[in-house]
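A look at the structure
Chain residues, written in single-letter form:
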Amino acid sequence: MKYDVEARLPFLNPETLNEEQKKLYDANITAMETMPYIWLTKDRELNGPSNAMLYEPAIGNMLFPLNREIIRTSISRNGGSAHEVAILLTVSGAKAHYGMYAHTQLARKFGLTEKQIAVLMNGQKPDDLTEKEEAAYDFAYALNQAGAVPGAVYDRTKAVLGQEGLNALVYAVAMFKMIGTILNAYNEPVPEYREAGEE
């Protein structure tokens, strides 16, 4: 597998991990097996934000389960496509390349079209979103700006998604702003996933 840049944090061989790192590694292996993107190297090393978390496993062992629970809650309350609209807008706004790569694959899985994904990655709102997707876009857009979310945006999101759906989006966007920061700090490399014959 080729990567587009050299990692600032080298990938860690799973055979050399300490007990706390191994706990985080094993949690990733269990949780990520159905993901439609490349999250393991050919040598079964973690990549993406989990590679960075392995360097601080005390934090990673809290952050990774929290990440998974926030994602699960947001998808269950708002639907996968609305969740991915908000996350694509957030990671592309941060220019977090691994996040853009991974969530493009997830957006496809949840039914967003190639055109919708491309428009979202440019920070714009596609004109054919569902009502839930549109509410998720507007709320995530507002959350990614400085200052409080405008009242009209908050009220509309609450009307469409309900208070619990809105709450889930708050934590999802906040989580991926943090994940984007981690990815950008360490320039976590994106797999060259389009190369023929590469796995």
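So, here is what we can say about the structure in this document. Just so it is clear, the model here is predicted, and its values are computed rather than measured.

**Quick notes on the overall build of the chain**
Assigned secondary structure in the chain consists of 8 helices and 0 strands. Ordered by position in the sequence, the α and β elements of the chain form the string α-α-α-α-α-α-α-α. Taking 16 Å as the expected radius of gyration for a compact globule of 199 residues, we find that the chain reaches 17 Å, a close match to that expectation. Expressed along its principal axes, the backbone C-alpha trace of the chain runs to roughly 50 × 35 × 30 Å.

**A word on the packing of helix 7 (residues 131-143) against helix 8 (residues 151-186)**
The geometry of helix 7 relative to helix 8 is characterised by a closest axis approach of 9 Å and an angle of 55° between their N-to-C directions. By the criterion of interaxial angle, the relationship of helix 7 to helix 8 is oblique. Crossing of helix 7 against helix 8: the hand is right-handed. Facing Glu131, Lys132, Ala135, Ala136, Asp138, Phe139, Ala140, Ala142 and Leu143 of helix 7, the residues of helix 8 in contact are Val153, Tyr154, Arg156, Thr157, Val160, Leu161, Leu166, Leu169, Val170, Val173 and Lys177.

**Some details on the packing of helix 4 (residues 80-93) against helix 5 (residues 97-109)**
Interhelical geometry of helix 4 versus helix 5 gives an angle of 160° and a closest axis separation of 9 Å. Between helix 4 and helix 5, the angle falls in the class roughly antiparallel. Viewed along their axes, helix 4 and helix 5 form a crossing whose handedness is left-handed. Facing Glu84, Ile87, Leu88, Val91 and Ser92 of helix 4, the residues of helix 5 in contact are Gly99, Met100, His103, Thr104, Leu106 and Ala107. A class-by-class count of the residues in the contact of helix 4 with helix 5 yields 6 nonpolar, 4 polar and 1 charged.

**Here we look at the pattern of salt bridges**
Side-chain pairing between opposite charges can occur once the charged atoms of the two side chains come close. By the definition in use, this model includes 7 salt bridges. With its nearest N and O atoms 2.9 Å apart, the salt bridge here joins Asp26 to Lys22. On the criterion of helical spacing, the pair formed by Asp26 and Lys22 is a turn pair, its members being 4 residues apart in helix 1 (residues 19-32). The partner of Asp138 in a salt bridge is Lys125, and the shortest N-O contact between them spans 2.9 Å. Here Asp138, found in helix 7, pairs with Lys125, found in the loop between helix 6 (114-121) and helix 7; they are 13 residues apart in sequence, far enough to count as distant. Given a relative accessible area of 33%, Lys125 falls into the partly exposed group. A single network of salt bridges, built from pairs that share partners, joins Lys125, Glu134 and Asp138.

**Regarding helix 4**
Note that an α-helix has 3.6 residues per turn; residues three or four places apart therefore point the same way. Taking 1.5 Å per residue, 14 residues should reach 20 Å; helix 4 reaches 20 Å between its end C-alpha atoms and fits that length. Taken across its 14 residues, helix 4 has 13 buried, putting it largely inside the fold. Count one or two residues on from helix 4 and you reach Lys95, which has phi positive near 55°.

**Some remarks on the nonpolar core**
Grouped together as the largest cluster of nonpolar side chains are 34 residues, with contacts concentrated most on Tyr37, Trp39, Tyr98, Tyr101, Phe176 and Ile179. For this core, the elements supplying multiple residues, two or more each, are helix 1, helix 2 (49-54), helix 3 (57-78), helix 4, helix 5 and helix 8. With 22 residues, the next largest nonpolar core counts Ala82, Val85, Ala107 and Leu166 among its residues.

**Regarding the side chain of Gln116**
For Gln116, the position within the fold is in helix 6. A relative accessible area of 6% places Gln116 in the buried class. Engagement of the side chain of Gln116 in a polar contact is seen with the backbone nitrogen of Thr113, the distance being 2.9 Å. Among the polar contacts listed, one links the side chain of Gln116 to the side chain of Asp128, at a separation of 3.1 Å. Setting aside its immediate chain neighbours within four residues, Gln116 contacts Gly111, Pro126, Asp128, Leu129 and Glu133.

**Notes on the environment of Gly123**
Looking at the secondary structure, you find Gly123 in the loop between helix 6 and helix 7. Given a relative accessible area of 31%, Gly123 falls into the partly exposed group. Placed 18 residues apart in sequence, Gly123 and Tyr141 show a C-alpha to C-alpha distance of 8.5 Å. Discounting residues that sit within four places of it in the chain, Gly123 has contacts with Leu89 and Tyr137.

Each value, and the rule that gives it
Residues numbered from 1 in each chain as written. Predicted model: local features only at pLDDT ≥ 70, side-chain atom pairs only at ≥ 80, totals over all residues. Heavy atoms only, no water. Helix = DSSP H or I, 4+ residues; strand = E, 2+ residues; numbered from the N terminus. Rg over C-alpha atoms; globule rule 2.2 N^0.38 Å. Axes fitted to C-alpha atoms, helices over the stretch in contact; angles between N-to-C directions. Parallel < 35°, antiparallel > 145°, perpendicular 65-115°, else oblique. Left-handed = near helix turned anticlockwise from the far one by under 90°. Contact = heavy atoms within 4.5 Å. Nonpolar A, V, L, I, M, F, W, Y, C, P; charged D, E, K, R; others polar. Salt bridge = Lys/Arg side-chain N within 4 Å of Asp/Glu carboxyl O. Buried < 20%, exposed > 50% of the residue type's maximum accessible area, 1.4 Å probe, protein only. Expected span 1.5 Å × (residues − 1). Core = buried A, V, L, I, M, F, W, Y, C linked by side-chain atoms within 4.5 Å. Polar contact = N/O pair within 3.5 Å; in protein donor to acceptor, adjacent residues only side chain to side chain.

Shape is all these values report; function is a separate question.
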